[in-house]
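Chains, contacts and geometry: an overview
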Amino acid sequence: MHLAHLRLRDFRNYARLDADFGPGFHLLLGGNAQGKTNLLEAIYLLATLRSFRGVGGAQMVRHGAAGYFVGARVLAAGTSDIRLYWSPTARSLTLNQRPVRRLTEYLGTLRAVVFCTEDLQLVKGPAARRRRFLDLLLTQAHPGYLSVLQRYLQALRARNALLKARTPDPAALAGFTAELVAAGNEIMRQRRELVPRLSALTRLAYRRIAHDAEEVRLDYAPSVKAHFAEELNRAAERERALRLTLLGPHRDELRILLDERPAAQFASEGQKRTLAIAFKMAQAEYLTGLHGIPPVLLLDDVMGELDASRRAGLLPLLERAHHASGQVFMTCTEEQWPAELGRRLQRWQVRAGTLRPLPATSEG
Amino acid sequence: MVSLPETLHQLTAVLGELPGIGPRTAERLALFLVQAPPELTQRLASALLAARERIQTCRVCGALTESQPCALCTDARRDGTTLCVVERPVDLLLIEKSGSFRGRYHVLGGKLSPLNGIEPEDLRIRELEERLGPEGVREVVLALPTDVEGDATCHYLARRLAPRGVRVTRLAHGLPVGGGLEFADELTLSRALAGRQPVA
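For clarity, every value in this text was computed on a predicted model and none was experimentally measured.

Thresholds, definitions, all that
- Residue positions are given per chain, counting from 1 as you read along its sequence in written order.
- For this description, chains carry letters from A and ligands carry numbers from 1, given in the order in which they are written.
- pLDDT decides what is reported in this predicted model: residues at 70 or higher carry local features, side-chain atom pairs at 80 or more are listed and counted, and totals for whole chains, interfaces and linings draw on all residues regardless.
- The basis for every side-chain value is the complete set of non-hydrogen atoms in the structure, without hydrogens or water.
- What counts as a domain boundary in this text is fixed by an automatic or database domain assignment.
- All axes here are fitted lines through C-alpha atoms, helices being fitted over the stretch that makes contact, and every angle between N-to-C directions spans 0 to 180 degrees.
- Secondary structure elements follow DSSP: runs of H or I no shorter than four residues count as helices, runs of E no shorter than two count as strands, and numbering proceeds from the N terminus.
- When describing relative orientation, an angle under 35 degrees is termed roughly parallel and one over 145 degrees roughly antiparallel, while 65 to 115 degrees is termed roughly perpendicular and anything else oblique.
- Two helices cross in a left-handed way if the nearer one is turned anticlockwise from the farther one by less than a right angle. They cross in a right-handed way if the turn is clockwise.
- Residues count as neighbours in contact if any of their non-hydrogen atoms are within 4.5 Å of one another.
- Amino acids are sorted into nonpolar (Ala, Val, Leu, Ile, Met, Phe, Trp, Tyr, Cys and Pro), charged (Asp, Glu, Lys and Arg) and polar (every other residue, Gly among them).
- Of the grid points, spaced at 1 Å and generated over the protein atoms alone, those admitting a 1.4 Å probe that cannot get out make up cavities, while open sets with protein on both sides within 12 Å along at least five of seven lines make up pockets; any residue with an atom within 4 Å of a point is treated as lining.
- Grid points are joined across faces, edges and corners, and a volume is the space filled by probe spheres set on the points.
- The term buried area means the drop in 1.4 Å probe accessible area that two parts suffer when joined, counted for both and summed.
- By convention in these notes, a salt bridge is any Lys or Arg side-chain nitrogen within 4 Å of a carboxyl oxygen on Asp or Glu.
- Polar contact is the term for a pair of N or O atoms within 3.5 Å; when the atoms are in protein, one must be able to donate a hydrogen and the other to accept it, and sequence-neighboring residues count only if both atoms are side-chain atoms.
- Strand pairing is defined by DSSP finding a minimum of two bridges between the two strands.
- Think of it in three bands: with a 1.4 Å probe and only protein chains considered, a residue is buried below 20% of the maximum accessible area for its type, exposed above 50%, and partly exposed in between.

1. Regarding the domain arrangement of chain B
- Domain assignment breaks chain B into domain 1 (6–54) and domain 2 (64–170).
- Each of domain 1 of chain B and domain 2 of chain B has a C-alpha centre, and the two are 34 Å apart.

Right, dumping it as structure tokens:
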């Protein structure tokens, strides 16, 4: 799978951009605030319809413009033409010139995995980060997961609203509880299936990068121990007192253990950073295994954070993406781009919202 | 900057209150109306007033009607032992169009929606209960939407009607007729699988 053409209009600091990309490595070089990450953001936006910087549409519109446009041609089994327009009053998404009615039909057209500095929050941050990671991965793996998740969240919001009432109607509460349990059980089933596989892939990736003896293990810790409906029933009194749904996938935790000790507390900064990258590598490997084609990898300035030996551990993944005619986009400031990647590399100069191909260097 | 004359501005504002009409469409409609032949606006105005005056909800089933009770409720050929519960009056018309239901209807007027403050008391549930005995209803068919709120309302009604000794059923989830499997999303497919039937 690769992005063959990218077209931007009034997106971030790009007034207009039309660029063609082949499979393989693309190194985006440029100083700070020139628009390197914005390119990755646009590609990620096409893949997931959200920004990995966690911002809304308005912040991605170029200053003074009415709305942004992001379009792409993606080559996988066939060719897909994607066009996304967003403005505060109008938005449209078309796939091969036809409006997209259901997200589940669209997601999967372009799959991408992003590596960025915020990934560290996967290890250090609150459980919500890790749940979002699981949800995104499951949505990428099985688009139907998204509809179940949305049903669950609707049921949860409705149920919480009922619990906020002074005297919740028990029968109405039971109605929404039934919905919550049905969707929640399905979510937990999928998470339970995913985590052991992800754990094995993360362990492998970690070992490759760190050359350390520590064992990584991911442990799925659902807030529901065995029987969702019964446990909710037992929690009824506490729920009424706290006016909140206290159990369910929205309270799940994904524990990260390094030698059986919680990584958030016991891992060093360097280990945490390595863990975060291993997580993302596991995501990429999992998707590659599932679909037979690697996702597009987007690396935002993460190489700079790693020392040379850890960097080398990341290379096999990038190499493999290259062999499977996958695609990698990597941002670097001029001084610190990894020399290991000298060969077969398309270099691009990013300057003030423009993109220009650079001639191949002679070092490789 | 020249703005619209005041009356035109007011007309635009009123039209903009209609569902599905944004500010641009409202303005376009208003400009059209003030330039249209006078008899068109006359007809529109009197049609609006007449419809608003005569259309009411049937006090028995809650459907839109001009007479009390409505034609469906007074039709002796309808089977009074089966009652189909729908969310909105328009759903009733949809089921009628299918021509495959011969019972009577009951419009709930919404679905449970805690987020919008819609509680059981805001729906026509008591009216439904009051019909069961006198009309000799034996089966209540729930034809509510399959979103979270619709399904929760189904659970709620099933529970509430259980002590009344009526059979409560709901419409099946399944594949659209005449289409391939590719037209069903995964949730529909899995529900269709769960509700599979032996081939006679």
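Continuing now.
2. Focus: the packing of helix α4 (residues 127–141) of chain A against helix α10 (residues 269–291) of chain A
All names here are of chain A.
- One way to put it is that α4 packs onto α10 with a least axis distance of 10 Å and a crossing angle of 20°. It follows that α4 is roughly parallel to α10 by the angle criterion. For the crossing formed where α4 meets α10, the hand is right-handed. Contacts between α4 and α10 involve Phe133, Leu136, Leu137, Gln140 and Ala141 from the former and Phe279, Lys280, Gln283, Tyr286, Leu287, Leu290 and His291 from the latter.
- The residue makeup of the contact of α4 with α10, split by class, is eight nonpolar, three polar and one charged.

3. Considerations on the layout of surface pockets
All names here are of chain A.
- For the largest pocket, the calculated volume is near 1,000 Å³.
- Lining the largest pocket we find 41 residues, and of these Tyr44, Arg50, Arg132, Phe133 and Leu136 sit closest to its centre.
- Elements with a minimum of two residues in the lining of the largest pocket: α1 (36–48), β8 (112–115), α4, α5 (144–164), α6 (170–210) and α10.
- Element by element, the count of residues in the lining of the largest pocket is highest for α4, at eight residues.

4. As for the interface of chain A and chain B
- Taken residue by residue, the interface counts 20 residues in chain A and 18 residues in chain B.
- With both sides pooled, the region where chain A packs onto chain B buries about 1,600 Å², and carbon together with sulfur makes up 71% of that total.
- Sorting the residues of chain A by area buried against chain B places Arg151, Phe176 and Glu179 of chain A first, and these three jointly supply 33% of that buried surface.
- Taken together, the connections running from chain A to chain B amount to one salt bridge.
- Summed over the shared surface of chain A and chain B, the number is three residue pairs in polar contact (both at pLDDT 80 or more).
- Going through the elements one at a time, α5 and α6 of chain A are the ones with two or more residues in the side of chain A that touches chain B.

5. A look at the sheet that holds strand β5 (residues 79–86) of chain A
All names here are of chain A.
- Taken in spatial order, the six strands make up an open sheet running β2-β1-β4-β5-β6-β7, and their pairing is antiparallel. Of all the strands in the sheet, the pair left with one neighbour each is β2 (14–20) and β7 (98–99).
- As paired strands, strand β4 (residues 68–75) and β5 are joined by eight bridges and run antiparallel to one another. From the neighbouring strand, Tyr68 faces β5, where its bridge partner is Trp86.
- On the sheet, α1 packs against β1 (2–11), β2, β4 and β5 and is oriented at approximately 110° with respect to β1.

6. Quick notes on the side chain of Ser223 of chain A
All names here are of chain A.
- One can find Ser223 in the loop between β9 (216–221) and α7 (228–234).
- Judged by its relative accessible area of 15%, Ser223 falls in the buried class.
- Of note is the side chain of Ser223, whose polar atom sits 2.8 Å from the backbone nitrogen of Gly248.
- Dropping the residues within four chain positions of it, Ser223 is found in contact with Glu231, Leu247, Gly248, Arg251 and Asp252.

7. Remarks on the sheet that holds strand β12 (residues 296–300) of chain A
Residue and element names in this part refer to chain A.
- Spatial strand order, β8-β12-β13-β3-β14-β15: six strands in an open sheet with mixed pairing. Where the open sheet ends on each side, the last strands, each with one partner, are β8 and β15 (354–358). Across the sheet, the mean angle from the axis of one strand to that of its neighbour is 20°, orientation sign disregarded.
- The sheet contact formed by strand β3 (residues 24–29) and strand β14 (residues 345–351) spans five bridges and is parallel. Paired with Phe25 across the bridge in β14 is Leu345.

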